[in-house]
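Descriptive structure summary
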Amino acid sequence: MPRRILLAACLVAALAPAAKAQTYKVDPVHSTLLYRVKHMDVSYHYGRFDDIAGTITMDADPAKTKIEFTVKVASVNTGNKARDGHLTSADFFNAAQYPRIKFVSTKVAKDGDAYDVTGNLTMHNVTKPIRFKLEATGTGKNPQNGKTIVGFESKFPVKRSEFGIGGTIPPAIIGDDVTVIVGLECGQQ
């Protein structure tokens, strides 16, 4: 009899975390936010933002899952300091006036091995709804603290004109369609 009770207690303890919401914090060292935009309608230009923060609160019920992240605009990095300065100026992102890009989910649904995410993206003081697939890329244990780590990736389009970014720069010089690629590694809190 005591063995059954012990086994039942172990089973309940093992399943309990799956039913409870768990928050994961974005690891800025192991996460990446890239973008790709056409230049002079000839080639693609790539850049990244180096300062990403956020949380993902996972729930057994995907509808209760919440995703939120922010990006520091001044952390744009194209490998060219002059271009980075131009991108953070009033000609484009205007980092002095609009220092952060923010995303907050409004709806999350399971879609096979991925998640269908809808939320609000705020950039340049303009908020627009966006929708994208968020693919789980793996789980593991952090060897330093033994806590769970999870990985996700997404790729989605954004039109710069909808956010008023580079409004005086015609699409023939800098494309209007921007592809955003996000790779997140998040640690259990």
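Everything in this summary refers to the structure shown in the same document. (Residues numbered from 1 in each chain as written. Predicted model: local features only at pLDDT ≥ 70, side-chain atom pairs only at ≥ 80, totals over all residues. Heavy atoms only, no water.)

**Overview of the layout of surface pockets**
Here is the rule: With a 1 Å grid spanning the protein atoms alone, the term cavity applies to any set of points in which a 1.4 Å probe fits but cannot get out, the term pocket to an open set with protein on both sides within 12 Å along at least five of seven lines, and the term lining residue to any residue with an atom within 4 Å of a point. Grid points are joined across faces, edges and corners, and a volume is the space filled by probe spheres set on the points. Strands here mean DSSP runs of E at least two residues long; helices mean DSSP runs of H or I at least four residues long; both are numbered from the N terminus. Lys, Arg, Asp and Glu make up the charged group, whereas Ala, Val, Leu, Ile, Met, Phe, Trp, Tyr, Cys and Pro make up the nonpolar group; the residues left over, Gly among them, are polar.
Its volume calculated, the largest pocket comes out at about 540 Å³. Lining the largest pocket we find 26 residues, and of these Tyr 35, Val 37, Leu 87, Phe 93 and Val 178 sit closest to its centre. For the lining of the largest pocket, the elements supplying multiple residues, two or more each, are β2 (32–39), β3 (43–49), β5 (66–72), α2 (81–88), β8 (114–123), β10 (148–159) and β11 (174–188). Grouping the constituent residues of the lining of the largest pocket by class yields 21 nonpolar, three polar and two charged.

**A word on the pairing of β10**
Consecutive side chains of a regular strand alternate in pointing toward one face of the sheet and then the other. For clarity, the cut-off: Criterion used throughout: strands pair if DSSP finds at least two bridges between them.
The sheet contact formed by strand β9 (residues 126–141) and β10 spans six bridges and is antiparallel. Bridged to Glu 135 within β10 is Glu 153. The pairing of β10 with β11 spans eleven bridges and is antiparallel. Residue Phe 152 lies in a different strand from β11, and its bridge partner there is Leu 184.

**Details of the side chain of His 45**
Short version of the rule: Think of it in three bands: residues with accessible area under 20% of the maximum for their type are buried, residues over 50% are exposed, and the middle band is partly exposed, with areas taken using a 1.4 Å probe on protein chains only. Note on definitions: a residue-residue contact is assigned when non-hydrogen atoms from the two residues lie within 4.5 Å.
Residue placement: His 45 occurs in strand β3. Take His 45: its relative accessible area is 15%, and that puts it in the buried class. Beyond its immediate chain neighbours, meaning those up to four positions away, His 45 contacts Tyr 35, Arg 36, Val 37, Thr 78 and Arg 83.

**Points about the pattern of salt bridges**
Which entries qualify depends on this criterion: Each reported salt bridge corresponds to a side-chain nitrogen of Lys or Arg within 4 Å of a carboxyl oxygen of Asp or Glu.
Under the defined criterion, the tally for this structure stands at seven salt bridges. Between Asp 41 and Lys 38 there is a salt bridge, and its shortest N-O distance comes to 4.0 Å. Note that Glu 68 and Lys 102 form a salt bridge whose closest N and O atoms lie 3.9 Å from each other. Here Glu 68, found in strand β5, pairs with Lys 102, found in strand β7 (residues 100–111); they are 34 residues apart in sequence, far enough to count as distant. A residue is classified by how much of its surface remains accessible, and Lys 102, at 36% relative accessible area, is partly exposed. Beyond isolated ion pairs, a larger network of salt bridges with shared partners links Asp 111, Asp 116, Arg 131 and Lys 133.

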